[in-house]
Amino acid sequence: MNTVTVKNVTLGSGSPKIIVPLVGKNEKELIEEAKYLVTIDCDLVEWRVDFFDQVADFQATAEISKKIAEILSDKPVLFTFRTKQEGGEIAFSDQQYFDLYKTVIENGVIDLLDVELFMEEEAVQEIIQLAHQKTIKIVMCNHDFDKTPSKEEIVSRLCTMQEKNADICKIAVMPQSSDDVLTLLEATNEMQTKHADRPIVTMSMGQKGMVSRMCGEVFGSAMTFGAAKKASAPGQVPVGELREILNTLAL
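Residues numbered from 1 in each chain as written. Predicted model: local features only at pLDDT ≥ 70, side-chain atom pairs only at ≥ 80, totals over all residues. Heavy atoms only, no water.

Per an unreviewed UniProt entry, the protein is named 3-dehydroquinate dehydratase, and its organism is Enterococcus ureilyticus. If you open the UniProt record of the protein and go to Subunit (unreviewed entry), you find "Homodimer." Quoted verbatim from the Sequence similarities (unreviewed entry) heading of the UniProt record, the comment on the protein is "Belongs to the type-I 3-dehydroquinase family." (UniProt positions renumbered as here; feature names shortened; annotations may be inferred.)

Here it is, written out as C-alpha cells:
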C-alpha cells in the first residue's frame, strides 16, 4: 500500500483523516468560512466550488483559490466541482468542467483535485497529467445517491480508478437497508486486502450508513467527511464527535 502525503497529512495509514466541506456562495462567505475552518479539528478541507455563485468565471475562481489556500495554509485543500448527475448544485457541460479545472490547475492554488470516474476518458487523462505536473493529487470518485451496487461492482469501480492513475480512489453509495451497508463494508475490506495499492475512501451515505464514516480504520477507508457547520452530503457527522469516535476506534 502506497500512502499519499499532502502537506503534513498522510492518507493511507493510521486513523482515517477528517475532511470538512467549504460551501460558501460568495467570496465574503468563503473567506469567513475558511477562517472558521482554521479553528476546527479537521485534517483537510474540500472546497465544493459548485456552491460558489461565480464558478462560471474560471479566473475569478482561481484567484479565490489562492486566498483560501493562504488562510488554510496548514490544511490541504481538495478542489471539487460536483456535477449535477452526481449530486452537485449546478449543471455544467463537460467542456466547462474541464476548462474550469485547467484554469485552476494553471492559475490557482490547490493541493488535491476531485475528478469523477465516468467523465470522458481522454479529457480525464489530460487533466490528471496537468495536475500531476503541478504535484496536485487526484481524488477520483463515483457517487450513487439511489442505491448500493453489488460488492463486485463497487470493487470493480475502485479498481478502474486505480487503472486510470488516480492517487486516491473514492466511492459513496446510498443504502436502502442494513445489508447494503454491509455490502459497502465488505467491498471496502476486499478492495483493501486484495487489490488496493493506494488509499481508498468509501462511505455509505445517510443515517443508515453513518457507521461507515466512523470505522474506516477497521475496514480500510483512508478519509471520512465530517460536518463543520453545513453538511455537503447526507449522513455527515459533526467533526468534533467524529474525532472522538475515531480516537476511540483507533487500532
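And the narrative resumes.
Topic: the packing of aromatic side chains
The tally for this structure, following the rule as stated, stands at eight aromatic pairs. Judged by centre distance (5.9 Å) and plane angle (70°), the ring pair of phenylalanine 79 and tyrosine 101 falls under edge-to-face. Residue phenylalanine 79 is located in strand β5 (residues 77-80), and its partner tyrosine 101 is located in helix α3 (residues 94-107); the two are separated by 22 residues in the primary sequence. The residues phenylalanine 79 and tyrosine 101 share a single accessibility class, namely buried. Between the aromatic rings of tyrosine 97 and tyrosine 101, the centroid separation amounts to 4.6 Å while the plane-to-plane angle is 40°, which identifies the pairing as tilted. Taken together, the residues tyrosine 97 and tyrosine 101, both in helix α3 and four residues apart, mark about one turn of the helix. Here tyrosine 97 and tyrosine 101 have matching classes, each one buried. (Phe/Tyr/Trp six-rings, centres within 6.5 Å; stacked < 30°, edge-to-face > 60°. Helix = DSSP H or I, 4+ residues; strand = E, 2+ residues; numbered from the N terminus. Buried < 20%, exposed > 50% of the residue type's maximum accessible area, 1.4 Å probe, protein only.)

Observations regarding the pattern of salt bridges
Scanning the entire structure with this criterion turns up 15 salt bridges. The salt bridge partner of aspartate 43 is arginine 243, with a shortest N-O separation of 3.2 Å. Of this pair, aspartate 43 sits in the loop between α1 (27-38) and β4 (44-48) while arginine 243 sits in helix α8 (residues 239-249), and the two are 200 residues apart along the sequence. When the shortest N-O distance is used, the salt bridge between glutamate 63 and lysine 66 registers 3.3 Å. Remark: lysine 66 and glutamate 63 occur in helix α2 (residues 58-71); sequence separation between them is three residues, near one turn of the helix. Overall, the relative accessible area of 33% leaves glutamate 63 in the partly exposed class. On the basis of relative accessible area, lysine 66 is assigned to the partly exposed category, the value being 34%. Salt bridges sharing partners connect three or more residues here, namely Asp41, Asp43 and Arg243. (Salt bridge = Lys/Arg side-chain N within 4 Å of Asp/Glu carboxyl O.)

Looking at the side chain of threonine 188
Among the secondary structure elements, threonine 188 is positioned in helix α6 (residues 178-195). Here leucine 184 takes part through its backbone oxygen, which lies 2.7 Å from a polar atom of the side chain of threonine 188. Excluding residues that lie within four positions of it along the chain, threonine 188 makes contacts with Ile200, Thr202, Phe219, Gly220 and Ser221. (Polar contact = N/O pair within 3.5 Å; in protein donor to acceptor, adjacent residues only side chain to side chain. Contact = heavy atoms within 4.5 Å.)

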